[in-house]
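# Architecture at a glance
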Amino acid sequence: MDFARIAFGGLAGALAGALISFTLLVERRNYKKTGRRNVWPTVWVTGVCLAGIVILGVRPQLRANISTPALVIGFFATAFMALLVAYLSSKEVLPAPRATPILDSVTYRARQKINQGEFGQALELAGRALAGSSRDLGAYIEKGRALKRLGRVQEALQTVEEGLKVKADDPRLLYNRACYLTLLRQDASHDAVILADLQTAIRLMPKLKGSVAMDPDLENVRHLKAFEGVFKGAA
Amino acid sequence: MGTSATGVGLGLGILIGVVSSANFIYMLRTLAKMLSWADGVKVVGEIAAIPTLWFGGPWITTKIITDDTWHSIAPSYVPALAAVFVLVTIYPLIRYIIRLGRDM
């Protein structure tokens with residue numbers, strides 16, 4: 001029974017360690033992307049994992065079936081490994097994972113296809129993702145990107161506008177709408193919308209500043225006097 | 001009972017290991033997208049489902065598994081479950097963490 005006690009302890013500890021460290025990493029990633037802190041999911045997950053560990057320690061019947069050292073080692077080893085892997089990959093020491101159909105979401109595969117230049121397949125995958133969930137914001141973005149690369153900018157614009165009906169303040173959708181409106185720009189009638197979208201997108205996701213400054217899609221509005229205001233207004 | 005209990009434990013451990021690891025991978029995907037308080041609640045429900053399935057799912061209250069049989073299958077059930085769960089989840093977990101790290 002000792003082996004079972006060690007396995008149970010190690011498994012429970014590893015599960016808690018993996019979940020807590022993963023949630024912390026997601027929170028940090030989201031903060032870096034959006035500039036907004038939202039600690040509630042981390043608090044929830046950590047609370048439930050710790051409560052589970054406390055229950056295991058308090059209930060005599062469970063305590064008899066679990067190895068406490070294995071629980072502690074499993075917890076810290078998994079958490080340490082997860083944080084180390086994240087650190088090494090953030091420094092690009094570890095190679096980027098390649099897409100595999102079984103594990104990756106359809107939206108992620110659509111993005112991979114766009115990066116590989118296979119826009120038709122990317123469009124099909126993004127369509128499938130949207131058929132599965134009409135609230136998948138990533139799928140709207142990838143569908144728009146695929147359509148734009150196929151030269152169907154008007155349809156790309158309609159796609160991101162559908163996405164904005166799901167979430168009106170998504171910075172990536174706002175940024176892409178500004179790009180597509182700029183590509184379709186024939187007069188100044190949409191300039192106010194373009195500049196407002198860019199300003200909101202930068203405010204919600206500061207790392208978009210670089211893209212706004214460099215993206216060739218925005219070439220047609222970069223000469224506008226009000227364009228500099230996009231950066232100032234977002235600060 | 002000895003050999004057959006070990007067999008039952010191993011089989012059950014593998015089966016529950018596959019089901020719960022699939023649940024865990026689904027949870028990772030939910031976690032990776034979570035942005036709101038409500039998403040946190042959803043994830044908590046999924047976390048609670050995993051240990052419940054391991055040691056208290058509907059299968060444990062069936063007539064086949066009584067207290068006595070549970071004690072005889074547990075030594076093979078738990079290690080088999082742990083091994084299958086770790087083997088199935090380790091790869092997607094590392095991939096998700098690498099992706100998170102590259103996004104930071």
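Conventions adopted
- Sequence order sets the numbering: in each chain, residues are counted from 1 along the sequence as written.
- Lettering of chains starts at A and numbering of ligands starts at 1, both following the order in which they are written.
- Given that this is a predicted model, residues contribute local features only at a pLDDT of at least 70 and side-chain atom pairs are listed and counted only at 80 or more, while totals for whole chains, interfaces and linings are drawn from all residues.
- Secondary structure elements follow DSSP: runs of H or I no shorter than four residues count as helices, runs of E no shorter than two count as strands, and numbering proceeds from the N terminus.
- With C-beta atoms placed from the backbone, a residue counts as buried when 20 or more other C-beta atoms lie within 10 Å of its own, as exposed when 12 or fewer do, and as partly exposed for counts between those limits.
- Contact definition: two residues whose C-beta atoms, as placed from backbone geometry, lie within 7 Å.
- Structurally, a nonpolar core is described as a collection of buried Ala, Val, Leu, Ile, Met, Phe, Trp, Tyr and Cys residues joined by way of C-beta atoms within 7 Å.
- Helix span, as expected, comes to 1.5 Å for every residue beyond the first.
- Looking at any residue, its pLDDT shows the predictor's confidence there, from 0 to 100.
- The axes are straight lines fitted to the C-alpha atoms, using for helices just the contacting stretch, and the angles between their N-to-C directions are given from 0 to 180°.
- Any angle that is under 35 degrees is reported as roughly parallel, and any over 145 degrees as roughly antiparallel; angles of 65 to 115 degrees are reported as roughly perpendicular and all others as oblique.
- Here a crossing is called left-handed whenever its near helix is offset anticlockwise from the far helix by less than a right angle, and right-handed whenever the offset is clockwise.
- In this count, Pro and Cys sit with the nonpolar residues alongside Ala, Val, Leu, Ile, Met, Phe, Trp and Tyr, while Asp, Glu, Lys and Arg are called charged and the others, Gly among them, polar.

The helix and strand inventory of chain B stands at three helices and zero strands. Its helices and strands taken in sequence order, chain B reads α-α-α from the N to the C terminus. Counting every position in chain B, which comprises 104 residues, the buried fraction comes to 32%. Of the contacts made within chain B by residues no fewer than 6 positions apart, 82% connect residues no fewer than 24 positions apart.

To continue, consider the overall build of chain A. Counting its regular elements, chain A contains 13 helices and zero strands. Partitioning the intrachain contacts of chain A with sequence separation of at least 6 by distance along the chain shows that 58% fall at a separation of at least 24.

The next point concerns the nonpolar core. Leu11, Ala12, Leu15, Leu19 and Phe22 of chain A together with Leu81 and Ile97 of chain B are the most contacted members of the largest nonpolar core, which totals 47 residues. Mapped by element, the contributors of at least two residues to this core are helix H1 (2–34), helix H2 (40–58) and helix H4 (68–90) of chain A together with helix H1 (2–33), helix H2 (37–56) and helix H3 (67–103) of chain B. When residues no more than four places from it in sequence are discounted, the contact partners of Ala12 of chain A are Leu56, Ile66, Leu71 and Gly74 of chain A.

So, about H4 of chain A. Since the α-helix packs 3.6 residues into each turn, any two residues three or four apart lie on the same face. Residues and elements named next belong to chain A. Across its 23 residues, H4 extends 33 Å between first and last C-alpha, which sits within 8% of the 33 Å expected from 1.5 Å per residue. When we look at burial in H4, the residues that qualify are Leu71, Gly74, Phe75, Thr78, Ala79, Ala82, Val85, Ala86 and Ser89. Glu92 sits one or two residues past H4 and shows a positive phi near 60°.

Counting from both sides, the interface comprises 37 residues of chain A and, opposite them, 35 residues of chain B. Broken down by secondary-structure element, the contributors of at least two residues to the side of chain A that touches chain B are H1, H2 and H4 of chain A. The dominant element in the side of chain A that touches chain B, judged by the number of residues it contributes, is H1 of chain A, at 17 residues.

Here we come to the confidence of the model for chain A. For chain A, the mean per-residue pLDDT works out to 85, and 93% of the residues sit at or above 70. When mean pLDDT is compared element by element in chain A, helix H9 (residues 171–183) of chain A scores highest at 95, while helix H3 (residues 60–64) of chain A scores lowest at 72.

All names here are of chain A. For H9, spanning 13 residues, the distance from its first C-alpha to its last is 18 Å, which sits close to the expected 18 Å at 1.5 Å a residue. Taken together, the buried positions of H9 are Pro171, Arg172, Leu173, Leu174, Tyr175, Asn176, Arg177, Ala178, Cys179, Tyr180, Leu181 and Thr182. Elements that come into contact with the buried residues of H9 comprise helix H7 (137–149), helix H8 (153–166), helix H10 (191–204) and helix H12 (219–222).

All names here are of chain A. Packing of helix H5 (residues 106–115) against helix H6 (residues 119–132) brings their axes to within 8 Å, and their N-to-C directions diverge by 165°. Judged by the inter-axis angle, H5 sits roughly antiparallel to H6. In the packing of H5 onto H6, the handedness of the crossing is left-handed. For the pair H5 and H6, the contacting residues are Val106, Thr107, Arg109, Ala110, Lys113 and Ile114 in the first and Phe119, Gln121, Ala122, Leu125, Ala126, Arg128, Ala129 and Gly132 in the second. Among the residues making up the contact of H5 with H6, the classes are represented as eight nonpolar, three polar and three charged.

Time to look at the packing of H6 of chain A against H7 of chain A. Between two packed helices, both the angle of their axes relative to each other and the distance between the axes serve to describe the pair. Residues and elements named next belong to chain A. Where H6 meets H7, the axes come as close as 8 Å, and the angle between the chain directions of the two elements is 155°. As summarised for this structure, H6 and H7 are arranged roughly antiparallel, according to the angle between their axes. For the pair H6 and H7, the sense of crossing is left-handed. Residue-level inspection shows Phe119, Ala122, Leu123, Ala126, Gly127, Ala129 and Leu130 of H6 in contact with H7, the latter providing Ala139, Glu142, Lys143, Ala146, Leu147 and Arg149. A breakdown of the residues in the contact of H6 with H7 according to their chemical character gives nine nonpolar, one polar and three charged.

The next point concerns the confidence of the model for chain B. Residue and element names in this part refer to chain B. Predicted confidence across chain B gives a mean pLDDT of 77, with 76% of residues reaching 70 or more. Summarising per-element confidence for chain B, the mean pLDDT is lowest in H2 (74) and highest in H3 (82). The ipTM value of the predicted complex is 0.76, and its pTM value is 0.59.

Position of Leu94 of chain A relative to the elements: it lies in the loop between H4 and H5. Apart from residues lying up to four places away in sequence, Leu94 of chain A is in contact with Val85, Leu88 and Ser89 of chain A together with Ile98 of chain B.

Another aspect to go through is the environment of Ile73 of chain B. All names here are of chain B. Relative to the assigned elements, Ile73 resides in helix H3. The buried category is assigned to Ile73, around which 24 C-beta atoms lie within 10 Å. As for Ile73 and Gly9, which are separated by 64 residues in sequence, their C-alpha atoms are 4.5 Å apart. Ignoring anything within four residues of it in the chain, the contact list for Ile73 reads Ala5, Val8, Gly9 and Leu12.

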